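A structural walkthrough
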Amino acid sequence: MTKPTPLALLPLLLFLVLFVGSGLWYQSQGVDFAFYQIQAPVAILPALVLAILLSRGELNKRIDTFMKGVGDQTIITMVLIYLLAGAFASVAKSIGGVDATVNFGLSIIPTSFILPGIFIITAFVATSMGTSMGTIAAIAPIAIGVAEATDLPLLTTVGAVIGGAMFGDNLSIISDTTIAATRTQGCDMRDKFRMNFKIALPAAILVLIWLYFQGSEAHLSEVGDYDLWRVLPYVAVLVLAILGVNVLLVLFTGIVLAGGVGLATMADYSVANWSKDIYAGYTGMQEIMILSLLIGGLGALMKSQGGLDWIVQSIERISRALGAKDGSQRAGEFSISASVALTNLCTANNTVSILINGSVAKDIASRYNVDPRRSASLLDIFACVVQGLIPYGAQILLASSMAKVSPLEVIGHVQYSWVLAVVGLLSIVLAWPKSRSV
């Protein structure tokens with residue numbers, strides 16, 4: 001067994017210093033696209049070298065650990081989603097699907113309600129679909145087009161999409177985070193949903209009010225024409241998502257439908273054009289694909305070196321100290337929340353962070369008399385909070401890539417995640433909602 005040590009977390013710190021620090025420095029020098037001067041997939045390379053150097057054992061075994069992290073099923077699934085999402089967005093835009101969908105939406109939604117509407121639609125789809133990644137892939141291109149057509153702030157619009165996606169991911173009973181949280185804590189999904197909903201709903205209402213005022217002055221001179229056939233691929237994607245079809249099949253179906261509509265309605269659109277659009281979508285996702293793979297490997301190295309175990313044990317020691325002084329369940333709830341949040345910061349994967357902390361959270365919940373429904377809810381809430389705010393997380397990377405903005409610019413505009421963090425902490429301080437009332 002590897003001894004838990006904070007030294008194993010140094011590679012992540014180095015990556016953040018290089019990526020965030022260089023961007024801030026170039027920004028202070030007035031350089032355009034400051035955070036793109038040193039790209040994240042390059043900034044992580046020294047961190048990987050340091051992680052391998054800090055590891056023990058034969059070099060080949062260290063590299064094997066890295067490769068297992070790169071090839072993790074969750075990481076590979078994300079990469080496939082990136083590829084298909086990029087291809088779908090590229091084909092749909094090429095056939096005029098984005099413009100048609102935007103104009104159709106603007107014709108039925110009052111301009112002042114567009115931003116709240118984007119959040120609500122995204123939240124509904126994510127709750128039905130059970131995945132924030134698939135939801136962002138489906139909704140983000142439309143939302144970006146709406147922002148351009150109505151002069152809405154692009155970052156605020158992208159933040160509304162990410163926030164809605166995290167709302168649904170946190171609440172959905174078919175989400176992998178919900179499944180992981182309820183299984184590790186031994187409670188029913190519906191009970192966890194009720195507990196979560198009482199915390200997530202106030203946060204969502206506050207964000208909707210804020211979005212309304214942010215979008216109340218949106219300007220739209222006139223709504224352009226639209227062909228409903230070109231809206232069909234998006235409608236199909238949303239319907240299939242709501243029905244709970246696998247996200248990979250949903251996106252593949254969207255690519256086929258979008259290409260078929262283009263071939264049927266556009267005289268100059270050929271199979272060759274379709275192929276080029278698909279490939280252009282692939283290449284547009286190159287940066288986040290590479291970074292996600294390397295992040296998976298870095299996380300595996302840090303875990304094998306005892307970095308994540310050190311976080312969990314440190315939080316547990318703090319909880320015992322607080323419990324010795326206080327004895328209330330607040331100490332346990334803070335411990336559960338902090339542990340999963342810090343682990344998520346290191347792994348950039350909310351499901352993995354829940355699984356890592358599951359047994360410890362259950363033990364803390366038992367010792368501090370925390371209801372299993374409550375511990376499952378806190379695990380999911382604070383994992384999703386961090387996942388929706390880290391600039392190297394899959395959700396931020398996917399949305400920022402589609403919007404062609406820096407992920408560091410986006411995190412300050414994901415209001416739902418910030419508000420949910422505050423509401424979640426207040427729920428611990430105020431001991432609300434009561435477990436017996438759920």
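This structure is a prediction, so every number in the text was calculated from the model and none was measured.

A complete count under the given rule lists 11 aromatic pairs for this structure. When the ring of Trp25 is compared with that of Tyr26, the centres are 5.1 Å apart and the planes differ by 80°; the resulting orientation is edge-to-face. Residue classification places Tyr26 among the partly exposed positions, given a relative accessible area of 24%. Aromatic pair Phe193 and Phe197: ring centres 5.8 Å apart, planes at 20°, arrangement stacked. Placement of the pair is Phe193 and Phe197 together in helix 10 (residues 189-215), with a separation of 4 residues, close to one helical turn. Overall, the relative accessible area of 33% leaves Phe197 in the partly exposed class. Three or more aromatic residues joined by ring pairs form one cluster here, namely Phe15, Phe19 and Tyr392.

What follows covers unusual backbone geometry. A cis amide bond, omega -5°, links Trp432 with the succeeding residue Pro433. Locating Pro433 in the fold gives a position in the segment after helix 21 (415-429). Positive phi, normally seen in glycine, also occurs at Asp151, with a value near 60°. By the element assignment, Asp151 lies in the loop between helix 7 (132-150) and helix 8 (154-171). Judged by its relative accessible area of 55%, Asp151 falls in the exposed class. Even without glycine at this site, Asn369 takes up a positive phi of about 60°.

Attention now goes to the packing of helix 10 against helix 21. With their axes 9 Å apart at the nearest point, helix 10 and helix 21 run at an angle of 140° to one another. Comparing the axis directions of helix 10 and helix 21 gives the class oblique. In this structure, helix 10 crosses over helix 21, and the sense of that crossing is right-handed. Contacts between helix 10 and helix 21 pair Ile199, Ala200, Ala203, Ala204, Leu206, Val207 and Trp210 from the former with Gln415, Tyr416, Val419, Leu420, Val423, Gly424 and Ser427 from the latter. Split into classes, the residues belonging to the contact of helix 10 with helix 21 amount to 11 nonpolar, 3 polar and no charged.

Here we come to helix 13 (residues 271-284). Look at helix 13: 20 Å from first C-alpha to last across 14 residues, which is about the 20 Å you get at 1.5 Å a residue. Considered for burial, the residues of helix 13 that qualify are Trp274, Asp277, Ile278 and Gly281. The arc that holds every buried residue of helix 13, seen down its axis, measures 100°, which confines them to one face. Residues of helix 13 that are exposed and point over 90 degrees away from its buried face: Lys276 and Tyr279. As for helix 13, its buried residues are in contact with helix 4 (73-94) and helix 12 (247-265).

This part covers the pattern of salt bridges. Counting across every chain of the model gives 5 salt bridges. Note that Lys192 and Asp380 form a salt bridge whose closest N and O atoms lie 2.5 Å from each other. Residue Lys192 is located in helix 10, and its partner Asp380 is located in helix 18 (residues 372-387); the two are separated by 188 residues in the primary sequence. Comparing Lys192 with Asp380 shows no difference in burial state: the two are buried.

So, about the side chain of Asn350. Structurally, Asn350 is set in helix 17 (residues 350-367). We classify Asn350 as buried; its relative accessible area is 6%. Non-local contacts of Asn350, meaning those with residues more than four positions away in its chain, are made with Met166, Asp169, Thr177, Asn344, Ala383, Cys384 and Gln387.

Rules used throughout
Residues numbered from 1 in each chain as written. Predicted model: local features only at pLDDT ≥ 70, side-chain atom pairs only at ≥ 80, totals over all residues. Heavy atoms only, no water. Phe/Tyr/Trp six-rings, centres within 6.5 Å; stacked < 30°, edge-to-face > 60°. Buried < 20%, exposed > 50% of the residue type's maximum accessible area, 1.4 Å probe, protein only. Helix = DSSP H or I, 4+ residues; strand = E, 2+ residues; numbered from the N terminus. Axes fitted to C-alpha atoms, helices over the stretch in contact; angles between N-to-C directions. Parallel < 35°, antiparallel > 145°, perpendicular 65-115°, else oblique. Left-handed = near helix turned anticlockwise from the far one by under 90°. Contact = heavy atoms within 4.5 Å. Nonpolar A, V, L, I, M, F, W, Y, C, P; charged D, E, K, R; others polar. Expected span 1.5 Å × (residues − 1). Arc of directions from axis to C-beta. Salt bridge = Lys/Arg side-chain N within 4 Å of Asp/Glu carboxyl O.

Interpretation note: all reported values are geometric properties and have no functional meaning in isolation.
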